[in-house]
Amino acid sequence: MSDFTGVRGTVWFRALAGQASPMPGDPKSVLTADAPLGNDQARFLCVVPDPHARFPCARHGEVGLEEGYALATRVREIIELDKNTTKRPIVAIVDVKSQAYGRREETAAIFLAASAAADAYGSARLAGHPVITLVVGQAFSGAFLTHGYQANRILAFDDDGVIIHAMHKEAAARVTLRSVQELEKLAREIAPMSYDIRDYAKLGLLHKLLHVDNPENPTQQEIHAVKGELVSAIEDARNSPVDLRNRLESKGALEMRKASLRVRSLLAEQWLAEQ
Amino acid sequence: MSDQRYANFINRQSFIELDARERAVALLDEGTARELVGPFDRVESPWLAIQDVTPQSDDGCVVMKGKIAGKAAVVVALEGAFQGGSMGEVSGEKMTAALDLACADNEKGIPTSAVILLETGGVRLQEANLGLAAIAELMASILALRKHSPVICLTAGTVGCFGGMALAAGLASYVVMTREARLGMNGPEVIEQENGVEEFDSSDRALIWAIHGGEQRFATGLADALVEDDTPRVAEAIRKLVLQGVPPVHRSSQVTLYRKRIENLDSSVQWDPKEFRSLWLKGDAKEETV
């Protein structure tokens, strides 16, 4: 989408972690830092644009080969460090326009780089780390599956610049043989198709919507409030199962995912039935 | 072609020509297959009819419980002929819930493996965010189940496995492909649209298979088995992997190895797919000699 600037990731990374730099050996597009959050020392991760990235199709904030493996490395490092001790929180700050669309990426199996990052986040969650995602800008498709969607809890700003979706409008219209106008009309009526974060919130997948007047330039007070929300999400995650059942047991899911719930109960019933 | 190979070719029973239901039955031990939440339960997508798309009473996903090599197993097959095998709310939930039930059985002491048959372009765009969420939840369930029993991904063709579902394949304990199958995150059309025909010419069929095809994925260690399009041989490959059990380290957890391989690649040029096979493994050899 044309309005993607990729500045929000850096702004929020700096606001929450106190600095914004990659770790030694990592690409400039992956920011990692450890910083206090409540009573914990949390690990923060973010993917940001690097116009000089080694791979040409990953120079505008896309999640590519290097980004996937760098994220995986930095998350796995924490799992290893906390093996026999308190599991520290992992916070994924998300503002990603897409995965990298390139021939090199496909040849070198970008799907595996993406799986590796998702594996690391999911394994951290299963090991007992509270994994919290904060969507501050865009969270599209494969990029979000790679970086953020395996979290115990997902928070997002209720802002027009925040979009969680499977595909950008123009491409989705092309693939489903509709005009952008037709797609926008449908998206207003059908919650899972909507590009509005407030509609996404109705699906029951979000832990909470947060408000910040200008996410590109937050006040100290707003940053403080967001930190407080992250701390309570961490607390909530620590007191809950490590799987993703909360997404399906939410109030929103009871309303919007009735078919999912029916599938689950029927399948459980028939699974046990005698042959 | 030798007489024997010729005979093999004409006598083979194509797996690719089977539909999802027939494929699932073919992989389970004879007489053990039992379909769960089948078409007569009529759990359809609630999102398609309102968009003038005809739903299907199994939502293009078949769950079949039974045995493989005498051991409890569940096979979940996507029907590539329905909406391109795309993941919607119902099809996604069928696969995820089946894997969760298998996981619960493992925890109760009943080892149960899962075979997922992926013929899919990824998210069903008419269900957009619920499709994407379904893939995220499926990935979480694969991670939970594969600790106990293998999750085997079979991509036979001809749809292939793309989009977010390629990430699900990446998490699998084993990947099995035929030469006709393709596996990748972004299809050639999408790449051409995003970055131009110089980046990827989507009409170049040879290039597509040279990159995404089963033969290449197997040659570069990204698939664990390459099988002929012959039903008994496909079933045999799956049986073998079920018996092999959980691998010592899953591919998607071998971060150091793959990160090194990416670091060793020259990103300033496009690689010839054939040459890439050795480029990809070049760094490994160097490590070993140190």
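A quick note: this is a predicted structure, and the numbers were derived from the prediction, not measured.

A closer look at the overall build of chain A
Alright, step 1. Looking only at helices and strands, chain A features 12 helices and 7 strands.
Alright, step 2. The C-alpha atoms of chain A give a radius of gyration of 19 Å, which matches the 19 Å a tight globule of 275 residues would have.
Alright, step 3. Projected onto the principal axes, the alpha-carbon positions of chain A cover approximately 55 × 45 × 45 Å.
Alright, step 4. Intrachain contacts of chain A at a sequence separation of at least 6 include 69% that bridge at least 24 residues.

Some thoughts on the sheet that holds strand E3 (residues 71–78) of chain B
Residue and element names in this part refer to chain B.
Alright, step 1. An order of E1-E2-E3-E4-E5-E6-E7 is seen for the 7 strands of this open sheet, with the pairing classed as mixed. The two strands at the open ends of the sheet, each matched to only one other strand, are strand E1 (34–36) and strand E7 (225–227). Each strand of the sheet is rotated relative to its neighbour by a mean of 25 degrees, with strand direction disregarded.
Alright, step 2. Relative to E3, strand E2 (residues 61–68) is paired through 8 bridges, and the arrangement is antiparallel. Directly across from glycine 66, in E3, lies its bridge partner alanine 73.

Examining the packing of helix H2 (residues 65–81) of chain A against helix H10 (residues 255–264) of chain B
Alright, step 1. Their axes nearest at 10 Å, the elements H2 of chain A and H10 of chain B cross at an angle of 150 degrees. By the angle between their directions, the pair H2 of chain A and H10 of chain B is classed as roughly antiparallel. Helix-helix and strand crossings are classified by hand; for H2 of chain A and H10 of chain B the assignment is left-handed. Contact with H2 of chain A, carried on its side by Leu65, Glu66, Tyr69, Ala72, Thr73 and Arg76 of chain A, involves Val255, Tyr258, Arg259 and Ile262 of chain B of H10 of chain B and no other residues of that element.
Alright, step 2. The class makeup of the residues in the contact of H2 of chain A with H10 of chain B is 6 nonpolar, 1 polar and 3 charged.

Notes on the domain arrangement of chain A
Residue and element names in this part refer to chain A.
Alright, step 1. Domain parsing of chain A yields domain 1 (7–243) and domain 2 (244–275).
Alright, step 2. For domain 1 versus domain 2, the distance between C-alpha centres works out to 27 Å.
Alright, step 3. Between domain 1 and domain 2, the residue contacts involve 8 residues of the former and 10 residues of the latter.
Alright, step 4. Here the residues of the side of domain 1 that touches domain 2 sort into 4 nonpolar, 2 polar and 2 charged.

Overview of helix H3 (residues 89–107) of chain B
Alright, step 1. The end-to-end C-alpha distance of H3 of chain B, which contains 19 residues, comes to 26 Å, matching closely the 27 Å that a straight helix rising 1.5 Å per residue would cover.
Alright, step 2. Backbone geometry just after H3 of chain B places glycine 109 of chain B at a positive phi near 95 degrees.

Digging into the interface of chain A and chain B
Alright, step 1. Between chain A and chain B, the contact holds 64 residues from the first and 68 residues from the second.
Alright, step 2. Where the side of chain A that touches chain B is concerned, the elements lending two or more residues are H2, helix H3 (103–107), helix H4 (110–127), helix H5 (141–146), strand E6 (163–165), helix H6 (169–175) and helix H12 (258–272) of chain A.
Alright, step 3. In terms of residue count, the dominant contributor to the side of chain A that touches chain B is H4 of chain A (11 residues).
Alright, step 4. Partitioned by chemical class, the residues of the side of chain A that touches chain B number 37 nonpolar, 15 polar and 12 charged.

Structural notes on the pairing of strand E5 (residues 151–155) of chain B
All names here are of chain B.
Alright, step 1. Within E5, 5 of the 5 residues are buried, which leaves the element mostly enclosed by the surrounding structure.
Alright, step 2. Of the two faces of E5, both are covered, the one formed by Val151, Cys153 and Thr155 as well as the one formed by Ile152 and Leu154.
Alright, step 3. Pairing geometry for strand E4 (residues 113–117) and E5, over 4 bridges, is parallel. If you follow isoleucine 116 over to E5, its bridge partner there is cysteine 153.
Alright, step 4. Crossover E4 to E5 through helix H4 (residues 128–145) is right-handed.
Alright, step 5. Assessed by its sense of winding, the connection that carries the chain from E5 through helix H5 (residues 164–171) to strand E6 (residues 174–178) is right-handed.

Re H4 of chain B
Alright, step 1. For H4 of chain B, which comprises 18 residues, the first-to-last C-alpha distance of 26 Å matches the rise-based estimate of 26 Å (1.5 Å per residue) to within 8%.
Alright, step 2. Most of H4 of chain B sits inside the fold, with 18 of its 18 residues counted as buried.

Details of the domain arrangement of chain B
Residues and elements named next belong to chain B.
Alright, step 1. Parsing chain B into structural domains produces domain 1 (11–252) and domain 2 (254–290).
Alright, step 2. Taking only C-alpha atoms, the centre of domain 1 and the centre of domain 2 are 28 Å apart.
Alright, step 3. Every contact between the two is made by 7 residues of domain 1 and, on the other side, 4 residues of domain 2.
Alright, step 4. Taken together, the elements giving at least two residues each to the side of domain 1 that touches domain 2 come down to helix H7 (205–212) and helix H8 (214–219).
Alright, step 5. Residue classes in the side of domain 1 that touches domain 2 are distributed as 4 nonpolar, 2 polar and 1 charged.

Considering the packing of H2 of chain A against H4 of chain A
Residue and element names in this part refer to chain A.
Alright, step 1. The interhelical angle for the contact between H2 and H4, taken along N-to-C directions, is 20 degrees, at an axis separation of 8 Å. What the angle tells us is that H2 and H4 run roughly parallel. Seen along the crossing, H2 lies across H4 with a hand that is left-handed. Mapping the contact onto sequence places Leu65, Gly68, Tyr69, Leu71, Ala72, Val75, Arg76, Ile78 and Ile79 in H2 and Ile110, Ala113, Ala114, Ala116, Ala117, Asp119, Ala120, Tyr121, Ser123, Ala124 and Ala127 in H4.

Analysis parameters
- Position numbers for residues count from 1 along each chain, tracking the sequence in the order it is written.
- Lettering of chains starts at A and numbering of ligands starts at 1, both following the order in which they are written.
- Local features in this predicted model are restricted to residues whose pLDDT is 70 or higher, and side-chain atom pairs enter the listing and the counts only when it is 80 or higher, whereas totals over whole chains, interfaces and linings include all residues.
- Each helix is a run of DSSP H or I of at least 4 residues and each strand a run of E of at least 2, with the numbering of both proceeding from the N terminus.
- The reference for a compact globule is 2.2 Å times residues^0.38; the radius of gyration itself is calculated from the C-alpha atoms.
- It is the C-beta atoms, placed from the backbone, that decide contacts: two residues are in contact if theirs lie within 7 Å.
- Here a strand pair is declared whenever DSSP counts at least two bridges between the two strands.
- Here the axes come from fitting lines to C-alpha atoms, over the contacting stretch only for helices, and the angles between their N-to-C directions go from 0 to 180 degrees.
- Small angles under 35 degrees read as roughly parallel and large ones over 145 as roughly antiparallel, with 65 to 115 read as roughly perpendicular and the rest as oblique.
- Working rule for handedness: look at the near helix, and if it is turned counterclockwise from the far one by less than a right angle, call the crossing left-handed; if clockwise, right-handed.
- Each residue gets one label: Ala, Val, Leu, Ile, Met, Phe, Trp, Tyr, Cys and Pro are nonpolar, Asp, Glu, Lys and Arg are charged, and the others, such as Gly, are polar.
- For each domain, the first and last residues come from an automatic or database assignment.
- To estimate how far a helix should reach, multiply one less than its number of residues by 1.5 Å.
- Partly exposed residues are those whose C-beta has more than 12 but fewer than 20 other C-beta atoms within 10 Å; with 20 or more the residue is buried, with 12 or fewer it is exposed, and the C-beta atoms are placed from the backbone.
- Think of it like this: strands point away, you trace from the first strand over the helix to the second, and a clockwise trace means the crossover is right-handed.

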